[in-house]
Amino acid sequence: MAIVVNLDVMLARRKMTVTELSERVGISMANVSILKNGRARAIRFSTLERICEVLACQPGDILEYSADG
Amino acid sequence: MRSIEPAVWLKLVVGSCGLVVLVAIGVVAPWVGYSFAEDFPEVDYLFWPCLIFIWVSAVPIYVALWQAWRVCSDIERGNSFSAANVRRLRLIGLLAVVVGLMYTGAMIALAVPNLLHPGVALMTMLGVFLCYCFAAAGFALSRLAARAGELQQENELTI
């Protein structure tokens, strides 16, 4: 997948664990894992909105386009 | 009263088909064959070859019914659109084509030397028609299940 989801960097900056992120965003740990491992096929705007709200960031901070992907 | 799951209904239908085929090959076919052998002694030599052919043709039918049973089991477990079900449905379609071709060939083999009774021809043509209907349904369901599986996976991987 050419779109890479970089959650680790923002999680480290906000000193937040994956578990806390999943609880606050309202998605399961399995789905967070799917996002982090690049297996996600799509992300809903509502989910992206909640992630950005919880991590206090912009979508561009966590989404990256990689031509090699 | 709790309603019965659709998959259980399907299993009942598949089981019933198995029983019907068993009665057809075990009771009806020999009985009809005996009647024909008595009414037309000049073709009584065809009794055993025809009966053995009917019994052999039951093998792909039962394989198809077993595959259908396994499809129903997967549906019961909530795994309706698995890759295995796609393969099983395609196999059911192929087996239906095989049985249809077998009986088509048998009809031609009997019709050429003018040994085909009109009543038998009618019943066999109906059976062949049903086989090709099942084949079309099997192939179509296989394609649909494959597409549904893709959509399901995409939905599961949409966060």
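Residues numbered from 1 in each chain as written. Chains lettered and ligands numbered in written order. Predicted model: local features only at pLDDT ≥ 70, side-chain atom pairs only at ≥ 80, totals over all residues. Heavy atoms only, no water.

Opposite the seven residues of chain B that make contact, chain A presents 11 residues. Across the interface of chain B and chain A, roughly 780 Å² is buried in total on both sides, 55% from carbon and sulfur atoms. Broken down residue by residue, the surface that chain B buries against chain A is led by Leu157(B), Thr158(B) and Ile159(B), which jointly contribute 81%. Put simply, chain B and chain A have one salt bridge between them. Note that Arg41(A) and Glu154(B) form a salt bridge whose closest N and O atoms lie 3.6 Å from each other. In this assembly, chain B and chain A are joined by six residue pairs in polar contact (both at pLDDT 80 or more). (Contact = heavy atoms within 4.5 Å. Buried area = accessible area lost by both parts, 1.4 Å probe. Salt bridge = Lys/Arg side-chain N within 4 Å of Asp/Glu carboxyl O. Polar contact = N/O pair within 3.5 Å; in protein donor to acceptor, adjacent residues only side chain to side chain.)

Right, let's talk about the side chain of Thr158(B) for a bit. With respect to the helices and strands, Thr158(B) occurs in the segment after α4 (118–156). On the basis of relative accessibility, which here comes to 18%, the residue Thr158(B) falls in the buried class. Of note is the side chain of Thr158(B), whose polar atom sits 2.7 Å from the backbone oxygen of Glu154(B). Each residue touching Thr158(B), except ones within four places of it in the same chain, is listed here: Ala42(A) and Arg44(A). (Helix = DSSP H or I, 4+ residues; strand = E, 2+ residues; numbered from the N terminus. Buried < 20%, exposed > 50% of the residue type's maximum accessible area, 1.4 Å probe, protein only.)

This part takes up the nonpolar core. Core analysis: the largest hydrophobic core is formed by 21 residues, its most contacted members being Leu7(A), Leu21(A), Leu35(A), Ile51(A), Leu55(A) and Ile62(A). The set of elements that each furnish at least two residues to this core consists of α1 (7–13), α2 (18–25), α3 (29–36) and α4 (45–55) of chain A. Among the elements that make up this core, the one with the highest residue count is α4(A) (five residues). Setting aside anything within four residues of it in sequence, one finds Leu55(A) in contact with Leu7(A), Met10(A), Leu11(A), Arg14(A), Met16(A), Leu21(A) and Ile62(A). Formed by seven residues, the second largest nonpolar core is a distinct cluster that contains Val14(B), Leu65(B), Cys72(B) and Leu95(B). (Core = buried A, V, L, I, M, F, W, Y, C linked by side-chain atoms within 4.5 Å.)

Residues and elements named next belong to chain B. Its location among the elements puts glutamine 67 in helix α2 (residues 47–76). What makes glutamine 67 buried here is its relative accessible area of 10%. Setting aside chain neighbours within four positions, we find glutamine 67 in contact with Arg88, Leu91 and Ile92.

Residue and element names in this part refer to chain B. Together, Val59, Val63, Leu91, Leu94 and Phe139 make up an exposed nonpolar region whose accessible area comes to about 380 Å². Going through the elements one at a time, α2 and α3 (83–111) are the ones with two or more residues in the nonpolar patch. Relative to the helices and strands, phenylalanine 139 is located in helix α4. (Patch = residues over 30% accessible without salt bridge, like charges linked within 9 Å, V, L, I, M, F, W, Y side chains within 5 Å. Areas by Shrake-Rupley, 256 points an atom, 1.4 Å probe, with all protein chains shown as cover.)

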